[in-house]
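Next come the chains, spelled out residue by residue.
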Amino acid sequence: MLARLALVLALATGCAAEQPAAPRDVALAAFDALLVDFDADAAQTLFAPDYIQHNPAVPTGAEAAISVIPALAESGLTSTVHRVLAEDDLVVLHVTYEN
């Protein structure tokens, strides 16, 4: 199944690095943690607690998004990022999903 959408990721404030990461880099790292690597530990460090979920099937909040990682990993989901648009702290990803 293919789905194309623009995914806006909320950015975590206060990254662990000494030099703050660019919003584009944080968004891509968060995307990879959640939808590529299925890494809940990494996602915990990248998603703000009040992360706004844009998928109506998943409640808003980092905990809710992270809680679906096991199901995503088992589903065989793969994703490809085609474009990244970034301006200030707003980041939009154009992604194709398959499973």
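Preceding this section is the structure that the text describes.
Thresholds applied
- Residues numbered from 1 in each chain as written.
- Predicted model: local features only at pLDDT ≥ 70, side-chain atom pairs only at ≥ 80, totals over all residues.
- Heavy atoms only, no water.
- Helix = DSSP H or I, 4+ residues; strand = E, 2+ residues; numbered from the N terminus.
- Buried < 20%, exposed > 50% of the residue type's maximum accessible area, 1.4 Å probe, protein only.
- Contact = heavy atoms within 4.5 Å.
- Areas by Shrake-Rupley, 256 points an atom, 1.4 Å probe, with all protein chains shown as cover.
- Patch = residues over 30% accessible without salt bridge, like charges linked within 9 Å, V, L, I, M, F, W, Y side chains within 5 Å.
- Salt bridge = Lys/Arg side-chain N within 4 Å of Asp/Glu carboxyl O.
- Lys, Arg positive; Asp, Glu negative; His and termini not counted.
- Charge placed at Lys NZ, Arg CZ, Asp CG, Glu CD.
- Core = buried A, V, L, I, M, F, W, Y, C linked by side-chain atoms within 4.5 Å.

With that settled, the discussion passes to the overall build of the protein. Tallying secondary structure elements over the protein gives four helices and three strands in all. Starting at the N terminus and walking to the C terminus, you meet the elements of the protein as β-α-α-α-α-β-β. Here the protein holds 99 residues, and 33% of them are scored as buried. Taking as baseline every contact in the protein between residues at least 6 positions apart, the subset at least 24 positions apart corresponds to 55%. Carbon and sulfur atoms form 55% of the exposed surface of the protein, whose accessible area is close to 6,100 Å².

In this section: a negative patch on the surface. The grouping of Asp32, Asp37, Asp39 and Asp41 at the surface amounts to a negative patch. Mapped onto the elements, aspartate 39 comes out in the loop between helix 1 (23–35) and helix 2 (40–46). The class of aspartate 39 is partly exposed, set by a relative accessible area of 32%.

Further remarks concern the nonpolar core. As a rule of thumb, soluble globular proteins bury nonpolar side chains together. Membership of the largest hydrophobic core comes to 22 residues, with the highest contact counts inside it found for Phe31, Leu35, Ala43, Leu46, Phe47, Leu93 and Tyr97. When contributions to this core are tallied by element, the ones reaching two or more residues are helix 1, helix 2, helix 3 (62–67), helix 4 (69–75) and strand 3 (90–98). Of all the elements, helix 1 adds the most residues to this core, at eight residues. If sequence neighbours within four positions are ignored, alanine 43 has contacts with Ala33, Ile66 and Ile69.

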